[in-house]
Amino acid sequence: MYRRRKVNVEEKPPIPDNLEDFGYVLKENGEVRSITQDLPYEFDYLPKDRPYNEERYDKFINIIGDEVEDRLQKAPYNFQKVIVPIGADPAKDIHSYIYMTPNALTTTDKLLVMIPGNNTRIGQWSKRVMCDINIQSGSMMQISEMVFEKGYEAIILNSNANFWYNGRANLVAQTHTGVAVTVPGSETPEEHCQYVFHNFIRNAKAEKVAVLANSWGGYSFALTLNTEFDYIKEHIKAVAMTDSVHIRDMIKGDKQRTFMFENCYNWSASKDKKGSLVPDVRLGCPNISSGEEIADYTLTTMLKEITNFIFVKMGDIEWSSDDEGDMNGDVEVLTEEDLEELSRIEVLSSNV
């Protein structure tokens, strides 16, 4: 008869509930740094224990996410929660929410719609940037301040809050239950985008609308272009994307594809020179190098160029003819269709 050997389970450190117990502080300039060494967040807290490190990081980044949402709802941003789906009672119904500035639906002037990539909470562009640089750059706070100065209202989508449990919408499903309960109208990031456009944005009174979409947000917008084109063609003047994963073949119809080519720019991670044209006819729109090798940094690095693009297309600033000399580039022709669409592309300068 054999006795089962007792396995000694190593007790791991409890995961803290606040930044101070993590050993970090949120500085006045938005940097998240260690208290002792003033360094960014260190992922490998326990060497060779990735599951524990991931759990610890998720807890850490959720604390940062709470801070971002708290700040977005206060001055100078003043975003307000709006429950989705429409008519849901947050006290008893499955629901999520989006953020809007107070006059987002009533202004007759200008509106910016922000669509995040995947695996981020509402109000965030990049968890990496929030930890490595500061929470303003990694979230939608910095771009909001820039467009508010030009008189914009804003709407922030909550694309990834798709799964309902523990009384709230979450980014991931509960793996141990085998049953995924989703938020009506927001079952996926793409469906959330289409729902918000159909039920909110197309009812906004703004004459001019701009869209800023990151990563999967570009994919979601490309699908929405197919379903809401009657509104989009009349009101949306600029679509700025960063590292979008859409392809032109997703877009149905010549008019829709022409709209993307004429009104959309994508900035992407690339080893090519910052600001240079990186032809990619799969996208169906001009594609510009950020000079960054990691996609998380594209939006932060190119923020001035992105806002210049939006402000020019929306009529906030004028294009300077002095900058045109070295901005037109010939693009290699791959097909007859590409020759017609991509023979000449003007790249907006960061010097506007």
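Attention here is on the structure that accompanies the text. (Residues numbered from 1 in each chain as written. Predicted model: local features only at pLDDT ≥ 70, side-chain atom pairs only at ≥ 80, totals over all residues. Heavy atoms only, no water.)

Along its length, the protein carries 12 helices and 14 strands. Classification of the 352 residues of the protein by burial places 49% in the buried group. Per element, the accessible surface of the protein, about 18,000 Å² overall, is 46% carbon and sulfur. (Helix = DSSP H or I, 4+ residues; strand = E, 2+ residues; numbered from the N terminus. Buried < 20%, exposed > 50% of the residue type's maximum accessible area, 1.4 Å probe, protein only. Areas by Shrake-Rupley, 256 points an atom, 1.4 Å probe, with all protein chains shown as cover.)

A few words on the pattern of salt bridges. Per the counting criterion, the structure on display carries 17 salt bridges. Put simply, Glu228 and Arg202 hold a salt bridge, and the shortest N to O gap is 2.4 Å. Highlighted residues: Glu228 in the loop between α7 (216–227) and α8 (229–235) and Arg202 in the loop between α6 (189–199) and β9 (208–214), separated in sequence by 26 residues. The class of Arg202 is partly exposed, set by a relative accessible area of 26%. (Salt bridge = Lys/Arg side-chain N within 4 Å of Asp/Glu carboxyl O.)

With that out of the way, let us pick up the sheet that holds strand β6 (residues 152–156). The strand order across the open sheet built from eight strands is β3-β4-β6-β5-β9-β10-β11-β12, with neighbouring strands paired in mixed fashion. On the outer flanks of this sheet lie β3 (80–84) and β12 (287–289), each paired with one strand and no other. Pairwise comparison of adjacent strand axes, ignoring direction, gives a mean angle of 20 degrees for this sheet. Two elements, strand β5 (residues 110–115) and β9, share six bridges in a ladder whose sense is parallel. Within β9, the residue paired with Leu112 across the bridge is Ala210. (Pairing = 2+ DSSP bridges. Axes fitted to C-alpha atoms, helices over the stretch in contact; angles between N-to-C directions.)

Where burial is concerned, most of β9 is hidden: six out of the seven residues are buried. Here β9 runs beside strand β10 (residues 236–242); their pairing, made up of six bridges, is parallel. Following the sheet pairing, Val209 is matched in β10 by Ile236.

Turning to its location among the elements, Thr120 is positioned in the loop between β5 and α3 (127–132). When its relative accessible area of 6% is taken as the criterion, Thr120 is described as buried. Within the structure, Thr120 has its side chain in polar contact with the backbone oxygen of Gly117 (distance 3.5 Å). (Polar contact = N/O pair within 3.5 Å; in protein donor to acceptor, adjacent residues only side chain to side chain.)

Quick look at helix α2 (residues 50–72) now. Along its 23 residues, α2 runs 32 Å from first to last C-alpha, staying within 8% of the 33 Å computed at 1.5 Å per residue. Residues Tyr52, Asn53, Arg56, Tyr57, Phe60, Ile61, Ile63, Ile64, Gly65, Val68, Glu69 and Leu72 constitute the buried set of α2. Its side-chain oxygen placed 3.3 Å from the backbone nitrogen of Tyr52, Asp49 serves as the N-cap of α2. (Expected span 1.5 Å × (residues − 1).)

Right, let's get into the nonpolar core. In terms of nonpolar packing, the biggest core is built from 45 residues, with Phe60, Ile64, Leu112, Met114, Ile143 and Ile310 touching the most fellow members. For this core, the element with the most residues is α2, which contributes seven residues. If you count residues domain by domain, this core takes at least three from each of domain 1 (13–74) and domain 2 (79–319). Excluding residues within four positions of it along the chain, Ile143 makes contact with Leu112, Met114, Trp125, Leu212, Leu303 and Thr307. (Core = buried A, V, L, I, M, F, W, Y, C linked by side-chain atoms within 4.5 Å. Domains from an automatic or database assignment. Contact = heavy atoms within 4.5 Å.)

Within the secondary structure, Phe79 is located in the loop between α2 and β3. Judged by its relative accessible area of 2%, Phe79 falls in the buried class. With 24 residues separating them along the chain, Phe79 and Asn103 place their C-alpha atoms 9.9 Å apart.

Along the polypeptide, Ser96 turns up in strand β4 (residues 96–100). Take Ser96: its relative accessible area is 1%, and that puts it in the buried class. A distance of 3.1 Å separates a polar atom in the side chain of Ser96 from a polar atom in the side chain of Asn158. When neighbours within four sequence positions are excluded, Ser96 is seen to be in contact with Val82, Ile83, Val84, Asn158, Ala161, Ala169 and Val183.

In the structure shown here, the tally under the stated rule is 17 aromatic pairs. With centroids separated by 4.2 Å and ring planes inclined at 25 degrees, the aromatic side chains of Trp216 and Tyr219 adopt a geometry described as stacked. Of this pair, Trp216 and Tyr219 both sit in helix α7, three residues apart, roughly one helical turn. An aromatic cluster of three or more residues is present, and its members are Phe22, Tyr24, Tyr41, Phe43, Tyr57 and Phe60. (Phe/Tyr/Trp six-rings, centres within 6.5 Å; stacked < 30°, edge-to-face > 60°.)

Right, let's talk about the environment of Asn134 for a bit. Inspection of the secondary structure assignment puts Asn134 in the loop between α3 and α4 (135–138). Taking the relative accessible area as the measure of exposure, Asn134 reaches 15% and is therefore buried. Separated by 103 residues in the primary sequence, Asn134 and Glu31 have C-alpha atoms spaced 4.2 Å apart. In contact with Asn134, other than residues within four places in its own chain, are Asn29, Gly30, Glu31 and Val129. There is a polar contact of 3.1 Å between the side chain of Asn134 and the backbone nitrogen of Gln136. Of note is the side chain of Asn134, whose polar atom sits 2.7 Å from the backbone nitrogen of Ser137.

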